[in-house]
Amino acid sequence: MNVALGGTFDPIHDGHRKLFERAFELGDVTVGLTSDELAEETRHVPRYVRPFEERKADLEAELSTYADKYDREFEVRELDEPTGIATEPEFDALIVSPETKEGGEQINEIRAERGHDPLELEVVDHVEAEDGERISSTRIVQGEIDEHGNVTPDRTGREATRSE
């Protein structure tokens, strides 16, 4: 099975790891990593996102662990539009979170228009931080929690823009 998922992954956290785990359980994985331009456009809260090449290197290191564990292949591709790679015919499944399920349904509409089979949408629930709220990259960047969801009241977050 060919599995797709996409995101900015900056920084990678346990919620992302749950997505990766499910993807590799199902098959070979292609990750659409948002371009620098798309990453900026898709932020709900303005914040600095590290450059594509830095995010890609971290993502590939993370994915290689799962690829080895499940004896699977993976590829990271640049994502320039929100529907990205998942509209391509070679994919069988799309890993989504509860808030991106609607986007997955829109992707299936595009696939139908193009004569492609629909993707199996695999909805992976969020991972909660120790405070009961979901783990998110934004919360990590703001200094509220670490990548595992531990509350970090004494940690300083990342600025909304890159500081030189």
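These numbers were taken from a predicted model, which means no experiment stands behind them. (Residues numbered from 1 in each chain as written. Predicted model: local features only at pLDDT ≥ 70, side-chain atom pairs only at ≥ 80, totals over all residues. Heavy atoms only, no water.)

## Focus on the confidence of the model for the chain
Low pLDDT means the predicted coordinates in that region are not meant to be read closely.
Then step 1. Per-residue confidence for the chain gives a mean pLDDT of 92; residues scoring 70 or more make up 94%.
Then step 2. In the predicted structure, residues 160-164 sits below a pLDDT of 50 and forms 6 contacts with residues beyond four places in sequence or in another chain. (pLDDT = per-residue confidence, 0-100. Contact = heavy atoms within 4.5 Å.)

## Description of the sheet that holds strand E5 (residues 120-123)
Then step 1. Pairing within the open sheet is parallel, and its 5 strands lie in the order E3-E2-E1-E4-E5. The sheet is open, and its two borders are formed by strand E3 (74-79) and E5, each paired with just one other strand. Here the average twist between neighbouring strands, direction ignored, is 25 degrees.
Then step 2. When strand E2 (residues 28-34) meets E3, the two strands line up parallel, connected through 6 bridges. Within E3, the position partnered with Gly32 by the bridge is Arg77.
Then step 3. Packed onto the sheet, helix H3 (residues 52-70) meets E2 and E3 and runs at close to 155 degrees relative to E3.
Then step 4. Its contacts with the sheet place helix H4 (residues 101-113) against strand E4 (93-96) and E5, and it is angled at close to 175 degrees to E5. (Pairing = 2+ DSSP bridges. Helix = DSSP H or I, 4+ residues; strand = E, 2+ residues; numbered from the N terminus. Axes fitted to C-alpha atoms, helices over the stretch in contact; angles between N-to-C directions.)

## Some details on helix H1 (residues 14-26)
Then step 1. Taking 1.5 Å as the rise per residue, H1 with 13 residues should run 18 Å; its terminal C-alpha atoms sit 19 Å apart, in good agreement.
Then step 2. For H1, every residue scored as buried is listed here: Gly15, His16, Arg17, Leu19, Phe20, Glu21, Ala23, Phe24 and Leu26. (Expected span 1.5 Å × (residues − 1). Buried < 20%, exposed > 50% of the residue type's maximum accessible area, 1.4 Å probe, protein only.)

## What to know about a negative patch on the surface
Then step 1. A cluster of acidic residues, Glu37, Glu40, Glu41, Glu53, Glu60, Glu78, Asp80 and Glu81, forms a negative patch on the protein surface.
Then step 2. The biggest single contributor to the negative patch is helix H2 (residues 36-41), with 3 residues. (Patch = residues over 30% accessible without salt bridge, like charges linked within 9 Å, V, L, I, M, F, W, Y side chains within 5 Å. Areas by Shrake-Rupley, 256 points an atom, 1.4 Å probe, with all protein chains shown as cover. Salt bridge = Lys/Arg side-chain N within 4 Å of Asp/Glu carboxyl O. Lys, Arg positive; Asp, Glu negative; His and termini not counted. Charge placed at Lys NZ, Arg CZ, Asp CG, Glu CD.)

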